[in-house]
Amino acid sequence: MKTESLVLPHDPSWNEARVAWNLAVDQQPAAVALPESAEDVVAVVRWARSRGLRVAPQGTGHNAAAMGSLAHTLLVKTERMRGVEIDPDARTARVEAGVLWAEVAEAAAEHGLAALAGSSPDVGVVGYSLGGGISWLGRCYGLAANSVTAVELVNAEGEIVRADHENESELFWALRGGGGSFGVVTALEFQLYPIAEVYAGVLFFPIERGTEVLRAWSRWTEDVPDEVTSVGRFLQFPPIPDIPEPLRGGSFVVVEATSLLSESATDELLAPLRELGPAMDTFATIPVQRLSSLHMDPEHPVPGVGDGMLLRDFPEEAVDAIVAAAGADSGSPLLSRAVRPLGGALGRMQPEHGALATIEARFAMFAVGISMTPEMGAVMKAHIEVVQAALASWDAGRDYLNFTERRERGERFFGSATYRRLQTVKGKVDPDDVFRSNHPVRLPGGRLRKAA
Ligand SMILES: Cc1cc2nc3c(=O)[nH]c(=O)nc-3n(C[C@H](O)[C@H](O)[C@H](O)COP(=O)(O)OP(=O)(O)OC[C@H]3O[C@@H](n4cnc5c(N)ncnc54)[C@H](O)[C@@H]3O)c2cc1C
């Protein structure tokens with residue numbers, strides 16, 4: 001193994017190497033590997049196994065909070081593996097494991113194509129896709145996981161394997177939504193879609209109008225077509241230079257939306273929301289890759305405490321509950337409390353789909369706060385729990401892996417039959433439980449890994 005691929009606790013670059021995108025997470029693995037190729041990954045997996053270490057793959061560390069202790073674990077960070085290839089004729093992309101969504105979106109857009117990217121430009125393609133992947137285009141094209149056409153990974157034996165519909169089909173099924181428990185993914189191939197532009201924007205209202213605006217928005221979501229995806233959200237921007245005026249330090253209730261329909265058809269749909277008189281309306285036709293800034297996610301690492309929840313419905317009573325949970329309309333310290341309608345293709349099962357075939361819920365909630373210290377983190381966590389408790393009557397009984405930043409039982413993500421099938425795959429491909437994921441699939445029968 002190349003020595004520059006490996007960083008140990010006494011090395012000068014240790015603190016830099018072990019850092020996650022979520023700066024609130026203090027990762028303390030036994031060692032960090034920074035492979036540059038699939039062959040490097042083979043070497044690091046064999047190195048870890050020869051020393052009795054477990055292996056935790058990580059792209060960016062966006063979802064590092066759920067990982068727990070990394071003792072006796074080699075953290076394999078794929079950030080140096082950044083190759084992107086677009087095949088415009090086949091409308092597919094092949095990306096290496098460290099590629100970020102903004103990089104694919106830009107490369108695909110050069111050919112008039114779009115990927116099922118997440119709302120944030122610097123989320124990793126691999127972690128997002130292994131967990132499902134809800135994009136702005138998801139109600140039309142489904143979960144990103146189900147647009148994946150092939151996965152290359154290094155398995156527990158330290159061998160390179162390609163999984164697709166024809167080869168290793170059960171492993172391929174598990175990788176599409178089942179998370180990172182099955183190996184170190186070195187590359188993904190997936191479908192792109194012929195979309196160059198979208199009509200998208202944000203309606204900003206003062207936060208004091210939260211109840212009225214979100215009640216109107218929740219009614220509005222009931223019959224908008226699949227071509228329209230929206231988010232209803234409370235946003236409280238910190239007063240920092242990163243945030244442009246006039247948003248800096250401001251508190252808003254917003255409706256974000258993107259549409260694959262014409263401007264005029266979308267304007268007609270938006271009319272009842274515009275009649276509420278937004279303070280700012282940013283809707284415009286934009287190049288599809290600019291969707292990465294619509295949700296106003298931070299474009300660099302930040303310390304955050306967040307968590308999500310799937311809802312079977314989000315009626316007016318649920319709006320009232322989320323508003324009441326903040327104490328007063330502007331009483332919450334959370335940066336964002338967002339609700340996104342799912343449905344459309346995200347809820348339509350196809351026989352060729354992977355482990356996360358659909359999301360069995362009508363809405364997804366995600367709340368997050370900035371936490372500069374562990375004490376602030378505890379305050380944010382408590383406020384998120386208050387929001388979750390307020391929405392408990394609408395709990396869908398399921399969780400979405402990508403929006404869950406706490407440890408949760410596998411059955412909550414997949415239902416018991418799918419989870420048992422995932423456990424069977426895990427037992428076959430990784431019987432010694434070498435690979436550690438933030439949301440692990442346990443060995444069949446809940447067997448624990450034998451001590452190293
Ligand atoms: C600001 C922000 C915006 C987001 N927006 C969206 C959104 O719009 N839609 C959505 O669905 N989700 C969204 N998410 C959630 C995001 O999809 C998850 O956090 C996801 O896990 C991030 O993947 P990652 O690779 O960047 O993170 P990581 O923390 O690096 O990876 C998460 C997990 O994926 C697995 N993994 C990563 N790389 C590999 C690999 N090479 N081999 C095997 N397993 C691997 C591991 O189990 C790892 O623990 C958002 C998160 C944030 C913080």
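Residues numbered from 1 in each chain as written. Predicted model: local features only at pLDDT ≥ 70, side-chain atom pairs only at ≥ 80, totals over all residues. Heavy atoms only, no water.

## What to know about the pairing of strand β12 (residues 251-259)
Part 1 of the reasoning: Along β12, 8 of the 9 residues are buried, which leaves the element largely enclosed by surrounding structure.
Part 2 of the reasoning: Looking at chain direction, strand β10 (residues 197-206) and β12 are connected through 8 bridges and run antiparallel. Paired with alanine 200 across the two strands is threonine 258, which belongs to β12. (Buried < 20%, exposed > 50% of the residue type's maximum accessible area, 1.4 Å probe, protein only. Helix = DSSP H or I, 4+ residues; strand = E, 2+ residues; numbered from the N terminus. Pairing = 2+ DSSP bridges.)

## Let's talk about the pattern of salt bridges
Two side chains bearing opposite charge may form a pair once their charged atoms approach each other closely.
Part 1 of the reasoning: Scanning the model with the defined rule gives 33 salt bridges in all.
Part 2 of the reasoning: Here arginine 274 and aspartate 267 are joined by a salt bridge, their closest N and O atoms 2.8 Å apart.
Part 3 of the reasoning: Accessibility expressed as a relative area gives 24% for arginine 274, which makes it partly exposed.
Part 4 of the reasoning: Where aspartate 313 meets arginine 362, a salt bridge forms, and the shortest distance between an N and an O atom there is 3.0 Å. A residue pair is termed long-range when its members are at least 10 positions apart, and aspartate 313 in the loop between β15 (304-311) and α9 (316-325) and arginine 362 in the loop between β16 (336-341) and β17 (363-370) qualify at 49 residues.
Part 5 of the reasoning: Where salt bridges share partners, they join Asp307, Asp395, Asp399, Arg406, Glu408 and Arg412 into one cluster. (Salt bridge = Lys/Arg side-chain N within 4 Å of Asp/Glu carboxyl O.)

## Thoughts on the site of the ligand
Part 1 of the reasoning: Near the ligand lie 34 residues; those nearest to it are Gly59, Thr60, Ser119, Gly124 and Tyr400.
Part 2 of the reasoning: Computed on the free molecule, the ligand has an accessible area of 940 Å², of which 95% lies beneath the protein chains in the complex.
Part 3 of the reasoning: Counting residues per element, the ones that place at least two in the shell around the ligand are β3 (54-58), α4 (125-130) and β9 (184-191).
Part 4 of the reasoning: The element best represented in the shell around the ligand is α4, accounting for 4 residues. (Near = heavy atom within 4 Å. Areas by Shrake-Rupley, 256 points an atom, 1.4 Å probe, with all protein chains shown as cover.)

## Here's the deal with the nonpolar core
Part 1 of the reasoning: In this structure, Trp101, Leu175, Leu188, Phe190, Leu291, Ile359 and Leu422 are the most contacted members of the largest nonpolar core, which totals 77 residues.
Part 2 of the reasoning: Broken down by element, the residue count for this core peaks at 5 residues, all from helix α6 (residues 169-175).
Part 3 of the reasoning: Among residues more than four places away in sequence, those in contact with isoleucine 359 are Ile134, Leu143, Leu310, Leu342, Leu346, Gly347 and Tyr400.
Part 4 of the reasoning: Listed in part, the 36 residues of the second largest apolar core include Ile207, Val213, Trp217 and Val339. (Core = buried A, V, L, I, M, F, W, Y, C linked by side-chain atoms within 4.5 Å. Contact = heavy atoms within 4.5 Å.)

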